[in-house]
Each structure stands twice: as C-alpha cells, then as structure tokens.
Amino acid sequence: MKSHIPRKRFGQHFLTDKALIDAIVDIIDPQSGETLVEIGPGLGAMTLPLLARIPKGSVPLTVIELDRDLAARLRKRDDVEVIESDVLKVDFKALAVTKGAKLRVVGNLPYNISTPILFHLLEAVDDVVDQHFMLQKEVVDRMAAGPGGKDYGRLSVMLQWRYDIESVLDVPPEAFDPPPRVDSAIVRMLPLKTPPAVDPALLGALVASAFSQRRKLLRHSLGHWLAERGYAGHFDLQRRAEEVPVDEFVALALEVPQQK
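Residues numbered from 1 in each chain as written. Predicted model: local features only at pLDDT ≥ 70, side-chain atom pairs only at ≥ 80, totals over all residues. Heavy atoms only, no water.

### Observations regarding the overall build of the protein chain
Secondary structure assignment for the protein chain yields 10 helices and 9 strands. The C-alpha radius of gyration computed for the protein chain amounts to 20 Å, which stays within 12% of the reference 18 Å derived for 260 residues, consistent with globular compactness. Taken over the C-alpha atoms alone, the protein chain extends approximately 65 × 40 × 30 Å along its principal axes. When the accessible surface of the protein chain is split by element, carbon and sulfur atoms take 51% of a total near 13,100 Å². (Helix = DSSP H or I, 4+ residues; strand = E, 2+ residues; numbered from the N terminus. Rg over C-alpha atoms; globule rule 2.2 N^0.38 Å. Areas by Shrake-Rupley, 256 points an atom, 1.4 Å probe, with all protein chains shown as cover.)

### Quick look at the side chain of Asp-130
Here Asp-130 is to be found in strand β6 (residues 128-136). Note on Asp-130: relative accessible area 7%, which makes it buried. A distance of 2.9 Å separates a polar atom in the side chain of Asp-130 from a polar atom in the side chain of Arg-104. When near neighbours in sequence (up to four residues on either side) are disregarded, Asp-130 contacts Leu-103, Arg-104, Val-105, Met-189, Leu-190 and Pro-191. (Buried < 20%, exposed > 50% of the residue type's maximum accessible area, 1.4 Å probe, protein only. Polar contact = N/O pair within 3.5 Å; in protein donor to acceptor, adjacent residues only side chain to side chain. Contact = heavy atoms within 4.5 Å.)

### As for the packing of helix α8 (residues 200-210) against helix α10 (residues 246-255)
Orientation of α8 relative to α10, taken along the N-to-C sense of each, is 120°, at an axis distance of 10 Å. Classified by the interaxial angle, the pair formed by α8 and α10 is oblique. Considering only the axes of α8 and α10, their crossing is right-handed. Counted together, Leu-202, Leu-203, Leu-206, Val-207 and Ala-210 of α8 and Phe-249, Val-250, Leu-252 and Ala-253 of α10 form the full contact between these two elements. (Axes fitted to C-alpha atoms, helices over the stretch in contact; angles between N-to-C directions. Parallel < 35°, antiparallel > 145°, perpendicular 65-115°, else oblique. Left-handed = near helix turned anticlockwise from the far one by under 90°.)

### Considerations on the sheet that holds strand β2 (residues 35-39)
Pairing is mixed in the open sheet, where 7 strands are placed in the order β4-β3-β2-β5-β6-β9-β7. Each edge of the open sheet carries a strand with a single partner, namely β4 (80-84) and β7 (163-171). Strand-to-strand twist in this sheet, taken as the mean axis angle between neighbours without regard to direction, amounts to 20°. Summarising the sheet, strand β3 (residues 61-65) and β4 pair through 5 bridges and their orientation is parallel. Paired with Ile-64 across the bridge in β4 is Ile-83. (Pairing = 2+ DSSP bridges.)

### As for the nonpolar core
Soluble globular proteins tend to pack their nonpolar side chains together in the buried interior. Core analysis: the largest hydrophobic core is formed by 58 residues, its most contacted members being Ile-39, Phe-92, Phe-133, Met-143, Leu-222 and Phe-249. Judged by nonpolar contacts, the second largest core, of 24 residues, contains Val-25, Leu-36, Tyr-111 and Ile-186. (Core = buried A, V, L, I, M, F, W, Y, C linked by side-chain atoms within 4.5 Å.)

Below is the structure:
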C-alpha cells in the first residue's frame, strides 16, 4: 500500500505494534459465522489479522470508515463490506436487522469523539453480542470505575447499567503512528442479559443532575430535580453523587414519577 498521512481532523493514530495487535485479536477471538463490525479500520492493522482468523467463505467483515481514501483501499477486498460514513450516522440496529444477526463491534475509536460513539452504540445494545475498543486509558478508567473515586461519574453509571465493563489491556503511545499524547487501553463491554426496565432518557437526566455539582451533596442538585418531579420516596441525599452505586441510581429512576 502507498503511504497514508494520518489526518488530524479524523483523529487518526494508526496502530503499528504487531505483538500488541496479535494480543488484541486474541482478546477479540473472532469465530466463523460471526457478524463482526469494525469502526475506523484505518490502514487495516486490526482488519487484516481479524480476517486471517476467519475462514474464507464466512460472513464478510463490515468496516465503517469515514476517510474516503482508506475506504477505497478496503473496497478492493472481496471479504470486506465497507460502509463509508461517520460512525455517528450509522444505524446499528438496522445493520443488525440487515445482517440477520447480533453484532460483535470492535475498533480503535477516534479519541476526540469516543464518548459520543459509546452513547450512540448504547441505543443498539440489544443487537450487540460484545464490544472491544481501543480508547484513551483515562476514558476506560472512567467507564469501569466503581463508586467512591474521582473516575466514577456519569459515563460510569450510564454504561454500567447496560454493560459489564472490563479494562483488559494497556497500550502505550509508542504502539501508534503518530503516537498520541495519552496512554490507551482495550476495553471489553458485554451487554447485561437482564437489564432493569428503566427509561434510558429519565435515567440519563437523573444522573446528569446528580453529577452536575459533584463536589456538593446531592440535596443541592438531585434533590431539586426530584422535588420538581414530585418524588415522595426516600433517597439519601446527604451523599455526593460519586458515592452512589449504579444499582441505586437505577432503582431511583424506577421510582421517579413519569412526567405527563
């Protein structure tokens, strides 16, 4: 392949460390017949090793690539289906319907829009088998954090109520070209089989209110939000948001009266 200059506006950092790539593919462990979707394949650092693990004649690997030059390169392969698009505009639920199967989603996500991508995929969580992503380590730490620390916040709660989340591999900057200015990590996200039947929008509003003044006690933030919605139950507001476990936020969301 001819050289490709990484484009800053796309947040491109290409993974080049072969040993790390092999370790990541081992973690993903693709199998014949599975429907794999890769976000941001770039120069194919993970794409080609993934394809090498999938027997020929199996389901084509679907890749989502915004860079038209990189998309054009990938279209030359007959074992890859290319979706040239901004990932935030891809309807993953519709994609699963088209494929007739749940999706295994992988990728080295652009760090500048990683959180919006995670929330976008949350909308299709029922159509996903699992997700393995390369992300900024700081983001992975926040995703997997438990209550009681500075890493625990809105992102932790809004993902953990639907996924089992685990940081599985740290990746140093020198594994990329160009090297990012941050450490990276691989995160595994497994959708929970029996999640609570809570309204995601209501939970999102509740959690956003709780963490809007995370240094203060909840009575200064969440307390006002609950009062506006006529909540008459008991919830300990003499705590900070970072002290409240995910299951307590979810249980509270199930008790809050729905607005008409």
